[in-house]
Amino acid sequence: MSTDLERALEAALFAADEPMSAESLAGFLRDAPLGEVKEGLRALAEHYERRGIHLVERAGRWHFETAPDLAHFLRREREQIRKLSRAATEVLAIVAYHEPVSRAEIESIRGVQTSSGTLDVLMEEGWVRIAGRREAPGRPTIYATTPAFLDHFGLSSRRDLPGLAELRAAGLLDPVEEAYEDIMGEGSDPDREDAGEA
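Below or above, wherever it landed, is the structure these notes cover. (Residues numbered from 1 in each chain as written. Predicted model: local features only at pLDDT ≥ 70, side-chain atom pairs only at ≥ 80, totals over all residues. Heavy atoms only, no water.)

What follows concerns the side chain of Thr-146. Structurally, Thr-146 is set in the loop between strand S7 (141-145) and helix H8 (147-152). Setting aside residues up to four positions removed in sequence, Thr-146 forms contacts with Gly-126, Trp-127, Val-128 and Arg-129. (Helix = DSSP H or I, 4+ residues; strand = E, 2+ residues; numbered from the N terminus. Contact = heavy atoms within 4.5 Å.)

Secondary-structure assignment places Thr-145 in strand S7. For Thr-145, a relative accessible area of 7% corresponds to the buried category. A distance of 2.4 Å separates polar atoms of two side chains, one belonging to Thr-145 and the other to Glu-99. When near neighbours in sequence (up to four residues on either side) are disregarded, Thr-145 contacts Val-95, Ala-96, Glu-99, Trp-127, Val-128, Arg-129 and Arg-158. (Buried < 20%, exposed > 50% of the residue type's maximum accessible area, 1.4 Å probe, protein only. Polar contact = N/O pair within 3.5 Å; in protein donor to acceptor, adjacent residues only side chain to side chain.)

Our focus in this paragraph is helix H7 (residues 116-124). What H7 keeps buried is the set Thr-118, Leu-119, Val-121 and Leu-122. Down the axis, H7 shows its buried residues gathered within 155 degrees of arc, on one side only. For H7, the secondary structure elements touched by its buried residues are helix H5 (86-98), helix H6 (103-110), strand S6 (128-133) and S7. One or two positions beyond H7, positive phi appears at Gly-126, with a value near 85 degrees. (Arc of directions from axis to C-beta.)

Time to look at unusual backbone geometry. Each neighbour pair has its own omega, and for Glu-99 with Pro-100 the value is -5 degrees, a cis peptide bond. Examined against the element boundaries, Pro-100 turns out to sit in the loop between H5 and strand S4 (101-102). Phi angles above zero are rare outside glycine, and Arg-30 is one such case at about 55 degrees. Assignment of secondary structure puts Arg-30 in the loop between helix H2 (22-28) and helix H3 (34-48). Positioned with a positive phi, Asp-31 is a non-glycine residue whose angle comes to about 55 degrees. Among the secondary structure elements, Asp-31 is positioned in the loop between H2 and H3. The exposure class of Asp-31 is exposed, given its relative accessible area of 67%.

Time to look at the sheet that holds S7. Taken in spatial order, the 3 strands of this open sheet run S4-S7-S6, and their pairing is antiparallel. The sheet terminates laterally at S4 and S6, the two strands that pair on one side only. Relative to S7, S4 runs antiparallel, the two being bridged by 2 bridges. Pairing of Val-101 across the sheet is with Tyr-143, part of S7. Sitting on the sheet, H5 is in contact with S4, S6 and S7, with an inclination near 90 degrees to S7. (Pairing = 2+ DSSP bridges. Axes fitted to C-alpha atoms, helices over the stretch in contact; angles between N-to-C directions.)

In short, geometric facts, not functional conclusions.
Okay, here's the thing in structure tokens:
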């Protein structure tokens, strides 16, 4: 593995307008062997691990980003924090764990109707995209997450999403399970329509 290749990878990524895959980097560097390119990327990522910028892989594409602990130094103005509604958070989680998924499937999992505005908000944030149409009667639109979703939440791929055991250990499933038990215990109809979700 040559240092020259690492330097070439570093220069290519620094000059790139957008994240690049190992395959596109290999082609860019005059068909460099893919195995050596991947090894070089891993070596560079390790080199930058303790520096002010990190080399990271998101959805199979590599780019440089500010080290998370230093990001606050670079913000010139306070970011406006936009809190997602409960409905939008639920829909985003369903899309992330079940993609590609249709609106009808989202509603079936949630047990409630989902307003089109909820999906619009997630698409405006750049976290959800239209991924085509399901080959089924009516050919419903299906939705999936984007590389921007992975990047925002610091995930390399969807495989990094926490599993049920991790969510339960963090106490994130307790309110859901308690609400389900309440509904089942009271005999209420779980099919309700969201009001004013966004």
